[in-house]
Amino acid sequence: MICQKFYVVLLPWEFIYVITASNLSYPITPWRFKLSCMPPNKTYDYFRLPAGLSKNTSDLNGHYEKAVEVKFNSSGTHFSNLSKTTFHCCFRSEQDINSSLCADNIEGKTFFSTVNSLGFQPIGANWNIQCWLKGDLKLFICNVESLFKNQFKNYNHKVHLLYVLPEVLEDSPLVPQKGSFQIVQCNCSVHKCCECLVSVPTAKLNDTLLMYLKITSGGVIFQSPLMSVQPINVVKSDPPLGLHMEITDDGNLKISWSSPPLVGFPLQYQVKYSENSSTVIREADKIASATSLLVDSVHPGSSYEVQVRGKRLDGPGIWSDWSTPHVFTTQDVIYFPPKILTSVESNVSFHCIYKNENKIVSSKKIVWWMNLAEKIPQSQYDVVSDHVSKVTFFNLNATKPRGKFTYDAVYCCNEHECHHHYAELYVIDVSINISCETDGSLTKMTCRWSTNTIQSLAGSTLQLRYYRSRLYCSDSPSIYPISEPKDCHLQRDGFYECIFQPIFLLSGYTMWIRINHSLGSLDSPPTCVLPNSVVKPLPPSSVKAEITVKTGLLKISWENPVFPETNLQFQIRYGLTGKEVQWKIYEVYDATSKYVSLPVPDLCAVYVVQVRCKRLDGLGYWSNWSSPAYTVVMDIKVPMRGPEFWRKINGDTMKKEKNVTLLWKPLMKRDSLCSVQRYVINHHTSLNGTWSEDVGNHTKYTFLWTEQEHTVTVLAINSVGDSVANFNLTFSWPMSKVNIIQSLSAYPLNSSCVILSWMLSPSDYKPMSFIIEWKNLNEDDEIKWLRISSSVKKCYIHDHFIPIEKYQFSLYPIFMEGVGTPKIINSFTQDDIEKHQNDAGLYVIVPVIISSFILLLGTLFISHQRMRKLIWEDVPNPKKCSWAQGLNFQKKMPGTKELLGGDGLN
């Protein structure tokens, strides 16, 4: 056998050893092992051979420990007497302490011995060694712990780990050369423990790693035998995290934890826990493959302490360190579940175990209360066992928040008292409306929903989930176990908005809102949406509006959007432009129609028009309104009539030639339809003289009246033609002498209104109308006039009248043959002024008198009732008083004549 020697320097008390190891490597195990070295004269004393085993045995198969021979090789005055001493070292495993395997190579031969290590008492150097691969599978760690006595604590120890990676040995001899090893300095702490770290490539985790240790102390080097290991077989993960305990809905104690981070393989776990209470003390140790463990028979008022560690599930590995102990104490009253989150109209149950003065209360003696204000009926109780009581709530309503409390407190009580601990019941209305619409281009579907209708629960999150079927929606949508979440974003209006793009128009999208909370999750009622059925079309385009010539109708035309291709209905709104448009709506159900004509009251106004559309079958949404279109004011028809006009005659009344000035007001749009370009005066005289004069846009015209009769007509002309109906005025010398007005009176009602009344005399002439003139005589104002019907006998003139001024009022009868003699007054009628003022005062005084009378009657009635109650307060009611029954209170008694009446008692 080829042997190669390397040295380990050992420092027991005051001497140093140098050991030489064989080329055979020691396989590192998943547990801790020890390196021990002894002088030769002690070896056989402490490593006694069993019967039948020779010192020269050379069989290495099945060896568990490897022995090395040790030589001293140092120059020091303190160790000169040990320069030729040879020692033996052995590896010994903690898992098999009853056997040791050693080697002696003093004469070039190897021997093995198996001894009873119970009689092994080391007097040399000893180290505890444990090596493992960190849970992230990247770092190999060897922990070297010195077992020297306290006398050696002052020695300056340094430990180095020398290793060789598999790729270095691919083309190398069986035994690696000294120069092929890489060296790592170990980190040594003050507690005589050193940690050596080696980075291992992921691809080499299943290969063999060779290594040995060098320990330096006081300038002397100690060297260990060669060791070998496959890193993947000694994986040691970090301790589990997040240890947590809680009571489940079934009344069990659930111990849960989280796997350590960066673990690339499944783990098994070892859980040790203890229970300590006034009635029970127990300990347990269990193995679990999941990250939780259930402990049954949980007791109130108990304390549980738990620790967890992990190890690789498949293949060999090393248990991790124990997690930090976690303590959980149960209350004297245990609720399971302690909190419930549910939706309206659901049924839920609570269980409880009640402990009072170290004694568990019988479940038959337990009563339940809601918010300590409402006792829950016993019909809702159930006895689960001798100590477990159950209460059930049916068809729950949503919880009404009470201040900062958003839940109902459920109390489990003894017959005589309630513990201050309670269970919490959260009931939420999860009716959330999800509305979706597909855009007019049929490329995306936008869904919106709001949380304003539900109670907000602190710590909860909301998420839209959906499932898409291949074709259409089912008749009754349901929540699918396999669904996808959808990102939704909160908008300024308080709604959440989710966009589906691309979409499948004929696929059914079943959607619901999931409320996630630490207490559980709730789902809103599902709804199924077919994108093709919620289309919001693009608005119609090329909308035009105009008032048609001749017919005078509002014509509205448009173009249909490209999508959808189904038949559409249309809605038109129109109105007069202004700050607030008073819209009128018109529906069009003819899918082929692209225009409509509507009557409007004012043909000379500007109208604004908008159009929108929707599927004819009623599915989907109305589109947005189109861009507004406006009509343009233009002449539609000829003016409906000419202007009303009057005349002012200037000149000597004795002469036959007079200057007549015609006066008229500009024609309104509703009469001119819609503008007046000019006015034309038609003349006709008694000598059949006829002519016309164009006066443009002027509203005053003067001509010379020379003949006995002269008739004039004023025509209004626009771009379509001249007015149809016109007013005529005939000037006749004979008719100017016809007087049919008997009297005329003017009564000022106030500063802005004057009442004018008149009486007519019997006459053969019947007037067609009257003209009223008035003017301020103290000023040179133009005359003001008003045409009224011939059937009117009283007229209200609205103008600004100054009481101290003097006014002239004139009334002209208008006959077909001409203008008659006017009736003229230059002042108001004095007698009637006072009469009208008195009449006006009556209008104010009479309502005041009536109101005062009603108020007086109400006061008298209230006073009567109060006086009656005061007088009869102490008089007993025979119907309600036993001693008064049978007495005649109507009988007159002394001193009661004025008090007792005929109405009796109430």
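Residues numbered from 1 in each chain as written. Predicted model: local features only at pLDDT ≥ 70, side-chain atom pairs only at ≥ 80, totals over all residues. Heavy atoms only, no water.

**Notes on the overall build of the chain**
Right, so step 1: Each helix and strand in the chain was counted, giving 3 helices and 63 strands.
Right, so step 2: Counting every position in the chain, which comprises 906 residues, the buried fraction comes to 43%.
Right, so step 3: Accessible surface computed for the chain: about 50,000 Å², of which carbon and sulfur atoms make up 52%. (Helix = DSSP H or I, 4+ residues; strand = E, 2+ residues; numbered from the N terminus. Buried < 20%, exposed > 50% of the residue type's maximum accessible area, 1.4 Å probe, protein only. Areas by Shrake-Rupley, 256 points an atom, 1.4 Å probe, with all protein chains shown as cover.)

**Describing the nonpolar core**
Right, so step 1: Counting 60 residues, the largest nonpolar core has Phe140, Met211, Ile255 and Trp257 as the members making the most contacts within it.
Right, so step 2: Per-element accounting of this core gives the leading share, 5 residues, to strand 7 (residues 125-134).
Right, so step 3: Among all residues touching methionine 211, those that are not within four sequence positions of it are Ile28, Cys131, Phe140, Cys142, Leu161, Leu162, Tyr163, Phe181, Pro225, Leu226, Met227 and Val229. (Core = buried A, V, L, I, M, F, W, Y, C linked by side-chain atoms within 4.5 Å. Contact = heavy atoms within 4.5 Å.)

**Observations concerning a nonpolar patch on the surface**
Right, so step 1: There is a patch of nonpolar side chains on the surface, built from Val846, Ile850, Phe853, Ile854, Leu856, Leu857 and Leu860 and spanning about 680 Å² of accessible area.
Right, so step 2: Mapped onto the elements of the fold, valine 846 is located in helix 3 (residues 830-871). (Patch = residues over 30% accessible without salt bridge, like charges linked within 9 Å, V, L, I, M, F, W, Y side chains within 5 Å. Salt bridge = Lys/Arg side-chain N within 4 Å of Asp/Glu carboxyl O.)

**Thoughts on the state of the cysteines**
Right, so step 1: Following the criterion strictly, the structure yields 9 disulfides and no others.
Right, so step 2: Through a disulfide, cysteine 352 is tied to cysteine 412; the S-S separation comes to 1.9 Å. Highlighted residues: cysteine 352 in strand 26 (residues 348-356) and cysteine 412 in strand 32 (residues 408-413), separated in sequence by 60 residues. Both residues of the pair, cysteine 352 and cysteine 412, belong to the buried class.
Right, so step 3: Its sulfur unpaired, cysteine 193 is 6.6 Å from the next cysteine sulfur, which belongs to cysteine 194.
Right, so step 4: The class for cysteine 193 is partly exposed, based on a relative accessible area of 22%. (Disulfide = S-S within 2.5 Å.)

**Points about the confidence of the model for the chain**
Right, so step 1: Put simply, the chain has an average pLDDT of 80, and 78% of its residues get 70 or more.
Right, so step 2: Ignoring residues within four places in sequence, the model shows residues 43-87, a span with pLDDT below 50, making 131 contacts including any to other chains.
Right, so step 3: Across residues 889-906, confidence stays below pLDDT 50; counting only partners more than four residues off in sequence or on other chains, it has 22 contacts. (pLDDT = per-residue confidence, 0-100.)

**Remarks on unusual backbone geometry**
Right, so step 1: Cis peptide bonds are those with omega within 30 degrees of zero, and the linkage from phenylalanine 336 to proline 337 qualifies with -5°.
Right, so step 2: Assignment of secondary structure puts proline 337 in the loop between strand 24 (333-336) and strand 25 (339-343).
Right, so step 3: The residue after glutamine 501, namely proline 502, is reached through a cis peptide bond having omega 0°.
Right, so step 4: Looking at the element boundaries, proline 502 is found in the loop between strand 39 (495-500) and strand 40 (509-517).
Right, so step 5: We note that asparagine 358 has phi near 60°; this positive angle belongs to a residue other than glycine.
Right, so step 6: Residue asparagine 358 is classed as exposed on the basis of its relative accessible area of 56%.
Right, so step 7: One non-glycine residue, leucine 673, adopts positive backbone phi at about 45°.

**Considering the packing of aromatic side chains**
Right, so step 1: Here the structure, examined in full by the defined rule, presents 27 aromatic pairs.
Right, so step 2: A ring pair is formed by tryptophan 257 and tyrosine 269, whose centres lie 5.3 Å apart and whose planes are at 65°; its orientation type is edge-to-face. Highlighted residues: tryptophan 257 in strand 18 (residues 253-258) and tyrosine 269 in strand 19 (residues 267-276), separated in sequence by 12 residues. For the pair formed by tryptophan 257 and tyrosine 269, the shared burial category is buried.
Right, so step 3: A ring pair is formed by phenylalanine 500 and tyrosine 509, whose centres lie 5.6 Å apart and whose planes are at 65°; its orientation type is edge-to-face.
Right, so step 4: A relative accessible area of 2% means that phenylalanine 500 is categorised as buried.
Right, so step 5: By relative accessible area, which is 2% here, tyrosine 509 ends up buried.
Right, so step 6: Pairwise contacts between aromatic rings join Phe405, Tyr407, Tyr411, Tyr422 and Tyr426 into one cluster.
Right, so step 7: When the ring centre of tryptophan 132 is taken as reference, the NZ or CZ atom of lysine 236 above it lies at 4.3 Å.
Right, so step 8: Positioned above the aromatic ring of phenylalanine 504, the side-chain terminus of arginine 468 is 4.0 Å from the ring centre. (Phe/Tyr/Trp six-rings, centres within 6.5 Å; stacked < 30°, edge-to-face > 60°. Lys NZ or Arg CZ within 6 Å of the ring centre and 35° of its normal.)

**Focus on the pattern of salt bridges**
Right, so step 1: Tallied over the full model, the rule gives 14 salt bridges.
Right, so step 2: For aspartate 671, the salt bridge is made with arginine 641, and the minimal N-O distance between the two is 3.1 Å. Taken together, the residues aspartate 671 in helix 2 (residues 669-672) and arginine 641 in the loop between strand 49 (629-630) and strand 50 (645-650) connect sequence positions 30 residues apart.
Right, so step 3: It is possible to trace a salt-bridge network through shared partners that takes in Arg448, Asp493 and Glu497.

**With respect to the sheet that holds strand 63 (residues 823-825)**
Through backbone hydrogen bonds, the strands of a sheet pair up, either in parallel or in antiparallel fashion.
Right, so step 1: The sheet built from 4 strands is open, its strands ordered 60-59-62-63 with antiparallel pairing. The open sheet terminates on both sides in strands that have one partner only, identified here as strand 60 (784-789) and strand 63. For this sheet the average axis-to-axis angle between neighbouring strands, irrespective of direction, equals 15°.
Right, so step 2: Looking at chain direction, strand 62 (residues 807-814) and strand 63 are connected through 3 bridges and run antiparallel. (Pairing = 2+ DSSP bridges. Axes fitted to C-alpha atoms, helices over the stretch in contact; angles between N-to-C directions.)

**Observations regarding the environment of serine 349**
Right, so step 1: With respect to the helices and strands, the residue serine 349 is situated in strand 26.
Right, so step 2: Along the chain, serine 349 and phenylalanine 393 lie 44 residues apart, while their C-alpha atoms are 6.2 Å from each other.
Right, so step 3: Other than its neighbours up to four places away in sequence, serine 349 contacts Pro337, Ile340, Lys390, Val391 and Thr392.

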